[in-house]
Amino acid sequence: MKIIKSLKSMRALAQQWRREAQKIVLVPTMGGLHEGHLSLIRRGRKAGDKLVVSIFVNPTQFGPREDYSRYPRTFTADKQKCREGGADVIFCPTAEAIYPDKFDTWVSPDVTGSILEGAARPTHFRGVCTIVLKLFNIVLPHTAVFGQKDYQQCLVVKRMVDDLNLPVRIIVSPIIRAADGLALSSRNAYLSPARRRTAGVIYRALCEAKKAIKDGKTQPALLTREVRKTIEGESEFQVEYVEFADPQTLKKQKTVQPPTVVLVAVRLGGIRFIDNLLIK
Ligand code: AMP
């Protein structure tokens, strides 16, 4: 497995692979790798001939008061996971190389990027789309793998691929959860053991909402209230939003009916956690 920092070397290798008719797969990550990332890497391994895992904590998708400087950086352990998952290359550029001083061009999604996560984090998806497009242009993948854990991100990226006619196939890989249901996330490392023990309530509340919908409840206000009550009643997490939305457009459903996706963002000690459940 090669470790490549230089943008030029990465692109030269990708061009060589393309000349050899090798199918390139990219799994973009910010490191702090866990089993969720590993599932994407394994999925990526099967989707082509050459697998690149990028590890880049992208400063432009963090807001000014967010956790960029203390985001988990665990490169030694990450290398091991990438090797385990069968990566050919870890691409880990510096922030200075990706965003030189003169940098001045952004990709900014409009409607899909301004609701839900985009409303809470106004420049987030601009940062995401810009880095994803840059990675596509450097790594030249035929296929890229993203996690359903970041449901809105998947839609935003797919929208960008369609809108900008990018020749990249997007694979969405399922959410990997801990035994108590908590979606694995690099940010779970911030939780104290006591708080971590209560965090399974987030997924439990989503499952209860699914059951309520299957039982015929359709009123978003009522369903939302129940999710909030469960999470806030049984943990210190504060619910920022709960929304029942159309899985394709993320438009709020006035009457909740499958297919629907329930999306939730909670907060604790200045850190946000997101989760979702697709109800077919
Ligand atoms: P991140 O490093 O948090 O930017 O995540 C990199 C990729 O891994 C994104 O496509 C995420 O959606 C995906 N991912 C993160 N956590 C999980 C999880 N628990 N299950 C599946 N995919 C995940």
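Residues numbered from 1 in each chain as written. Predicted model: local features only at pLDDT ≥ 70, side-chain atom pairs only at ≥ 80, totals over all residues. Heavy atoms only, no water.

(A) Geometry of the sheet that holds strand β2 (residues 24–29). Taken in spatial order, the 6 strands line up as β1-β4-β3-β2-β5-β6 in an open sheet, and their pairing is parallel. Strands at the two margins of the open sheet, each flanked by one partner only, are β1 (2–4) and β6 (169–173). Across the sheet, the mean angle from the axis of one strand to that of its neighbour is 25 degrees, orientation sign disregarded. Alignment of β2 against strand β5 (residues 143–147), held across 2 bridges, turns out to be parallel. Residue pairing across strands places V25 opposite T143, the latter belonging to β5. The sheet strands contacting helix α3 (residues 75–85) are β1, β3 (50–55) and β4 (89–91), and the helix crosses β3 at an angle near 160 degrees. (Pairing = 2+ DSSP bridges. Helix = DSSP H or I, 4+ residues; strand = E, 2+ residues; numbered from the N terminus. Axes fitted to C-alpha atoms, helices over the stretch in contact; angles between N-to-C directions. Contact = heavy atoms within 4.5 Å.)

(B) Quick look at the environment of V27. Looking at the secondary structure, you find V27 in strand β2. The exposure class assigned to V27 is buried, which follows from its relative accessible area of 0%. Not counting chain neighbours up to four residues away, the residues in contact with V27 comprise L40, I41, L51, V52, V53, S54 and V145. (Buried < 20%, exposed > 50% of the residue type's maximum accessible area, 1.4 Å probe, protein only.)

(C) Representation of the sheet that holds strand β9 (residues 271–279). Pairing in this open sheet of 3 strands is antiparallel, and the strands run β7-β8-β9 from one edge to the other. Here the strands that pair on one side only, and so sit at the sheet edges, are β7 (238–245) and β9. Taken pair by pair, the neighbouring strands of this sheet meet at an average axis angle of 10 degrees, ignoring direction. Alignment of β7 against strand β8 (residues 260–268), held across 7 bridges, turns out to be antiparallel. Its bridge partner being in β8, V242 is matched across the sheet by V264. Contacts between helix α10 (residues 220–234) and the sheet are confined to β7 and β8, with β7 contributing the most and set at about 145 degrees to the helix.

(D) Structural detail: helix α7 (residues 151–163). Across its 13 residues, α7 extends 18 Å between first and last C-alpha, which sits within 8% of the 18 Å expected from 1.5 Å per residue. Taken together, the buried positions of α7 are Y151, Q152, Q153, C154, L155, V156, V157, M160 and V161. Summarising the contacts, the buried residues of α7 are in contact with α5 (117–120), α6 (124–139), β5, β6, β8 and β9. Positive backbone phi, approximately 55 degrees, marks N165, located one or two places after α7. (Expected span 1.5 Å × (residues − 1).)

(E) Focus on the site of the ligand. Taken together, 17 residues are adjacent to the ligand, and M30, G147, D150, I176 and L184 come closest. Within the contact set of the ligand, an oxygen atom lies 2.9 Å away from a backbone nitrogen or oxygen of M30. When the ligand sits alone it has 490 Å² of accessible area, and the protein chains cover 92% of it. Counting only elements with at least two residues in the shell around the ligand, the list comes to β2, α2 (35–46) and β5. Broken down by element, the shell around the ligand gets its largest block of residues, 3 residues, from α2. Tallied by class, the residues present in the shell around the ligand amount to 9 nonpolar, 6 polar and 2 charged. (Near = heavy atom within 4 Å. Polar contact = N/O pair within 3.5 Å; in protein donor to acceptor, adjacent residues only side chain to side chain. Areas by Shrake-Rupley, 256 points an atom, 1.4 Å probe, with all protein chains shown as cover. Nonpolar A, V, L, I, M, F, W, Y, C, P; charged D, E, K, R; others polar.)

(F) Geometry of the pattern of salt bridges. All told, the structure shown has 14 salt bridges when counted by the stated rule. Among the salt bridges present, the one from R267 reaches E240, with a minimum N-O distance of 2.9 Å. Residue R267 is located in strand β8, and its partner E240 is located in strand β7; the two are separated by 27 residues in the primary sequence. Overall, the relative accessible area of 32% leaves R267 in the partly exposed class. In this structure, R272 engages E240 in a salt bridge whose closest nitrogen and oxygen atoms are separated by 2.7 Å. In this pair, R272 is assigned in strand β9 and E240 in strand β7, connecting sequence segments 32 residues apart. Using a relative accessible area of 12% as the deciding quantity, one classes R272 as buried. In the salt-bridge network here, residues are joined through shared partners; they are E117, E240, R267 and R272. (Salt bridge = Lys/Arg side-chain N within 4 Å of Asp/Glu carboxyl O.)

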